[in-house]
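As a plain string of letters, each chain reads:
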Amino acid sequence: MKTLNLIIGLLFANLLTAQTYNVYHQGIVDNATLANITTNLNEFVAFGEKNAFKTTAKYNNLVDAKNWLKAKYQTFGYTDIVEDNFTENGRTVTNIVVTKIGEVYPNEFIIIDGHYDTLNGVGANDNGSGTTLLLEIARVMANVPTAYSIKFINFSVEEQGLLGSDYYANNTGAGLDIRYVFNIDEVGGVAGMTNNIIVCERDEGSPTVNNAASAVLTNELATSIELYSSLSTEISNAYASDYMPFEDNGEIITGLYEKNETAHAHSSTDIIANMDIPYVFEVTKGALGALLHFADADVVLSTENSAVTMNTIKIFPNPVSDNVFVKFDRENISEVKIKMINVLGKEVYYKIIQSPKHVEKLNIDKLTSGVYFMSIQRGTVVTTQKIVIK
Ligand SMILES: [Zn+2]
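Procedures and definitions
- Residues numbered from 1 in each chain as written.
- Predicted model: local features only at pLDDT ≥ 70, side-chain atom pairs only at ≥ 80, totals over all residues.
- Heavy atoms only, no water.
- Domains from an automatic or database assignment.
- Contact = heavy atoms within 4.5 Å.
- Buried area = accessible area lost by both parts, 1.4 Å probe.
- Salt bridge = Lys/Arg side-chain N within 4 Å of Asp/Glu carboxyl O.
- Polar contact = N/O pair within 3.5 Å; in protein donor to acceptor, adjacent residues only side chain to side chain.
- Helix = DSSP H or I, 4+ residues; strand = E, 2+ residues; numbered from the N terminus.
- Phe/Tyr/Trp six-rings, centres within 6.5 Å; stacked < 30°, edge-to-face > 60°.
- Buried < 20%, exposed > 50% of the residue type's maximum accessible area, 1.4 Å probe, protein only.
- Pairing = 2+ DSSP bridges.
- Axes fitted to C-alpha atoms, helices over the stretch in contact; angles between N-to-C directions.
- Right-handed = clockwise from strand over helix to strand, strands pointing away.
- Parallel < 35°, antiparallel > 145°, perpendicular 65-115°, else oblique.
- Left-handed = near helix turned anticlockwise from the far one by under 90°.
- Nonpolar A, V, L, I, M, F, W, Y, C, P; charged D, E, K, R; others polar.

Undergrad: Explain the domain arrangement of the protein chain to me, please; I cannot follow it from the model alone.
TA: A common way to express how large an interface is: the accessible area buried when the components associate. If you check the domain split of the protein chain, you get domain 1 (23-299) and domain 2 (302-389). Computed over C-alpha atoms, the centres of domain 1 and domain 2 are 38 Å apart. Every contact between the two is made by 11 residues of domain 1 and, on the other side, seven residues of domain 2. Carbon and sulfur atoms supply 62% of the area that domain 1 and domain 2 bury against each other, a total of about 670 Å² over both sides. Counting the contacts that link domain 1 with domain 2 gives zero salt bridges. Here domain 1 and domain 2 share zero residue pairs in polar contact (both at pLDDT 80 or more) between them. When residues in the side of domain 1 that touches domain 2 are grouped by element, the largest group, four residues, is from helix α1 (residues 23-29).

What follows is the structure, encoded as structure tokens:
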């Protein structure tokens, strides 16, 4: 949507933030791949121009892209995939809304969004870049537990005046308890240039009541980008993209936009050859780190402190290589269930031990190096501890 580079008030981030590097988040970020982004971007441009306000063929391309998105989310394992349909230009247009429920605050939502319609061309950068970023983040996070719920939304008809996001914000999504809105639009960079800065956008418009919170959120976004990608950041103002209808409703917004601005947006030359896919990959890693922070992916760690039994079960050594030992406080326990879960939330080890010995030895040499969570269940009490396999 954006055609002007109105970056004002440039300010390097990292001045006001508190969050620190999180090895668990890094383990999740490491699962994003350049290959997936490249594949998805090629598939996205192959649909051609995706536009409900042009010929039937271009409208059909938009419908095909919508069905492609749905199929992707299904492949990733999502089941709550909703077509948010409305009518523009006499045609049915669709936002795709994918919901992932949080473990602690299921009714509070982080929205991460990007539009998938294009104008005057295939839209490799605007907004194939944001579309593929969203897909890769959704893939990686499919089984990662978070405290807050997340909605991944691919908006339609953005290029005709933010019509999809406006419809959602004021109809389907009205009344939703939205914690933050995180918008991704045109993060593809420029081929042949050094693309090593991403612009983090904060709310500087009216209403102003939500501006301070947006500034804090945007600083946290910038910090996450610098922690989990190779990019530097600049802070600028949010404008002319799908966060604005939410901003108008008083929601707290932030967003990402390329620093080197393409000259090809909204033209037939907005093609992959004119952008920088490795830049999109770096932006994806940073955005993923930010989303893990916003949605509080550390929810799985919280049981470490809450389990009253933690001081009575010892798991050692930690870090561990092949054998881990679990020492119980007493011997007459009837049964324990031991699980290990990797950073993607996948169960990789499961064992039931009847009448465990005072110290049980578990062989875990088949597990690869990394961060895991071991949960030990005795009756209804579950103790979870993070362990690192060397
Ligand atoms: Zn756009």
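Undergrad: Any chance you could explain the packing of aromatic side chains here in plain terms?
TA: Ring pairs (aromatic) are described by centroid distance and by the angle formed between their planes. Counted by the stated rule, this structure contains 15 aromatic pairs. Aromatic pair Y21 and Y228: ring centres 5.7 Å apart, planes at 20°, arrangement stacked. A residue pair is termed long-range when its members are at least 10 positions apart, and Y21 in the segment before α1 and Y228 in helix α6 (residues 211-228) qualify at 207 residues. Exposure remark for Y21: the relative accessible area of 45% places this residue in the partly exposed category. The interplanar angle of 80° and the centroid separation of 6.2 Å between the aromatic rings of Y73 and Y78 together place this pair among those described as edge-to-face. Judged by its relative accessible area of 0%, Y73 falls in the buried class. Among the aromatic residues, those joined into a ring-pair cluster are Y73, F76, Y78 and F152.

Undergrad: What exactly am I supposed to notice about the sheet that holds strand β6 (residues 197-202) here?
TA: Note on sheets: strands pair through backbone hydrogen bonds, and any given pair is parallel or antiparallel. Read across the open sheet, the eight strands follow the order β1-β2-β4-β3-β5-β8-β6-β7; overall the sheet is mixed. On the outer flanks of this sheet lie β1 (81-88) and β7 (232-237), each paired with one strand and no other. On average, each strand axis in the sheet is inclined to that of its neighbour by 25°, with strand direction left out of account. By the bridge criterion, eight bridges tie strand β3 (residues 105-115) to strand β4 (residues 148-155) in an arrangement that is parallel. Bridging from a neighbouring strand, F109 pairs with S149 of β4. Sheet contacts for helix α4 (residues 128-141): β2 (91-100), β3, β4 and β5 (178-184); angle to β4, the most-contacted strand, approximately 150°. Across the sheet, helix α8 (residues 277-294) is in contact with β3, β4, β5, β6 and β8 (253-258); its angle to β5 comes to roughly 175°.

Undergrad: It is not clear to me how the pairing of β6 should be interpreted in this structure. Could you clarify?
TA: Put simply, side chains in a regular strand alternate between the two faces of the sheet. The element β6 is extensively covered by neighbouring structure, given that five of its six residues are classed as buried. Bridge analysis of β6 against β7 gives six bridges, and the strand direction is parallel. In the strand pairing of β7, E201 is matched with S236. Crossover β6 to β7 through α6 is right-handed. One ladder, built from four bridges, connects β6 with β8; its direction is antiparallel. When the bridges of β8 are listed, C200 appears paired with L256.

Undergrad: Looking at this structure, I do not really get the packing of α6 against α8. What am I missing?
TA: Think of two packed helices as two axes; the pair is described by the angle between the axes and how far apart they sit. Their axes nearest at 7 Å, the elements α6 and α8 cross at an angle of 125°. When the axes of α6 and α8 are compared, the pair comes out oblique. The crossing of α6 and α8 is right-handed. Of the residues in α8, those in contact with L217, E220, L221, S224, I225 and Y228 of α6 are K285, G286, A287, G289, A290, H293 and F294. Taken together, the residues that form the contact of α6 with α8 break down as seven nonpolar, four polar and two charged.

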